[in-house]
Amino acid sequence: PNIVSFNTLISTCGNCGKWEQAMELYTSMKLAGITPDIITFNALITACGRADQWREAVRMHTLLKFAGLQADIITFTALIGACGRSGKWEQALHWFEQMKENGIDADPVTYRVVIDACVRGKQWVSAEEVFQEMKQLGSEVSEALSLSEYLDSLLPGASTSTM
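Residues numbered from 1 in each chain as written. Predicted model: local features only at pLDDT ≥ 70, side-chain atom pairs only at ≥ 80, totals over all residues. Heavy atoms only, no water.

**Considering the confidence of the model for the protein chain**
Then comes step 1: A residue-level look at the protein chain finds 84% of positions with pLDDT of 70 or above and a mean pLDDT of 88.
Then comes step 2: Contacts from residues 157–163, a stretch scored under 50 in pLDDT, to residues over four places away or in other chains number 8 contacts. (pLDDT = per-residue confidence, 0-100. Contact = heavy atoms within 4.5 Å.)

Structure, rendered in structure tokens:
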């Protein structure tokens, strides 16, 4: 096995909700003398996030840093998503700020994940602020679109009348 095969297996486990197996593969990878790369850590953070294991996702980010790697937009978006899905909107916003402080510009996917974290936490003002930032920075959103319309476009049939 090589790094590509380990990364593929870790990612597949994450996609299937098997975060613990993904972590076991990470351990096996290290025991085999294969050095994890940014793809490895991004796959692990994503796997943890999909399983509502936000603390494990954050721990993987710490290990990424100890390995001398730099987090990228995929890393931060996965961390934001992991926190948001677990109802930790404050943590999601923290990672969004960390991303910007590291000089990484948000893309439409990242903005959507941050807004989702705010909405899940019923933080409508924060969701609106992030949405306005996204529009102001020229992301792929119509200037005439409101947050409510944007959310409806992401979640057809979902009611945003509770905002």
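**Details of the packing of helix 2 (residues 19–31) against helix 3 (residues 38–50)**
Then comes step 1: Where helix 2 contacts helix 3, the two axes come as close as 9 Å, and the packing angle between them is 155 degrees. Here helix 2 is positioned roughly antiparallel relative to helix 3, judged by the angle of their axes. Our pair here, helix 2 against helix 3, has a crossing hand that is left-handed. Of the residues in helix 3, those touching helix 2 at Trp19, Ala22, Met23, Tyr26 and Met29 are Thr40, Phe41, Leu44, Ala47 and Cys48.
Then comes step 2: Here the residues of the contact of helix 2 with helix 3 are counted per class, giving 9 nonpolar, 1 polar and no charged. (Axes fitted to C-alpha atoms, helices over the stretch in contact; angles between N-to-C directions. Helix = DSSP H or I, 4+ residues; strand = E, 2+ residues; numbered from the N terminus. Parallel < 35°, antiparallel > 145°, perpendicular 65-115°, else oblique. Left-handed = near helix turned anticlockwise from the far one by under 90°. Nonpolar A, V, L, I, M, F, W, Y, C, P; charged D, E, K, R; others polar.)

**Digging into the environment of Glu97**
Then comes step 1: The topology assignment puts Glu97 in helix 6 (residues 89–101).
Then comes step 2: When the C-alpha positions of Glu97 and Phe76 are compared, they lie 9.7 Å apart, and in sequence the two are 21 residues distant.

**A look at the pattern of salt bridges**
Then comes step 1: Counting across every chain of the model gives 4 salt bridges.
Then comes step 2: Close ionic contact of Glu97 with Lys100 constitutes a salt bridge, the shortest N to O distance being 3.2 Å. Remark: Lys100 and Glu97 occur in helix 6; sequence separation between them is 3 residues, near one turn of the helix.
Then comes step 3: On the accessibility criterion, Lys100 (29% relative accessible area) is partly exposed.
Then comes step 4: In this structure, Asp116 and Arg120 form a salt bridge, with 2.8 Å as the shortest nitrogen-oxygen distance. Highlighted residues: Asp116 and Arg120, both in helix 7 (residues 108–120), separated by 4 residues, approximately one helical turn.
Then comes step 5: Judged by its relative accessible area of 27%, Asp116 is partly exposed.
Then comes step 6: Put simply, Glu97, Lys100 and Glu133 are held in one network by salt bridges that share partners. (Salt bridge = Lys/Arg side-chain N within 4 Å of Asp/Glu carboxyl O. Buried < 20%, exposed > 50% of the residue type's maximum accessible area, 1.4 Å probe, protein only.)

**Concerning the side chain of Asn7**
Then comes step 1: With respect to the helices and strands, the residue Asn7 is situated in helix 1 (residues 3–15).
Then comes step 2: Those residues in contact with Asn7 that sit more than four places away from it in its chain are Met29, Asp37, Ile39 and Thr40.

**Considering the side chain of Thr75**
Then comes step 1: The topology assignment puts Thr75 in helix 5 (residues 73–85).
Then comes step 2: Setting aside anything within four residues of it in sequence, one finds Thr75 in contact with Ile38, Asn42, Ile45, His61 and Leu64.

**Some thoughts on the packing of helix 2 against helix 4 (residues 54–66)**
Then comes step 1: Packing of helix 2 against helix 4 brings their axes to within 13 Å, and their N-to-C directions diverge by 20 degrees. The pairing of helix 2 with helix 4 is recorded here as roughly parallel in orientation. In the crossing of helix 2 with helix 4, the sense of the turn from one axis to the other is left-handed. Here helix 2 contributes Trp19, Met23 and Tyr26 to the contact with helix 4, which in turn contributes Glu56, Arg59, Met60 and Leu63.
Then comes step 2: The class makeup of the residues in the contact of helix 2 with helix 4 is 5 nonpolar, no polar and 2 charged.

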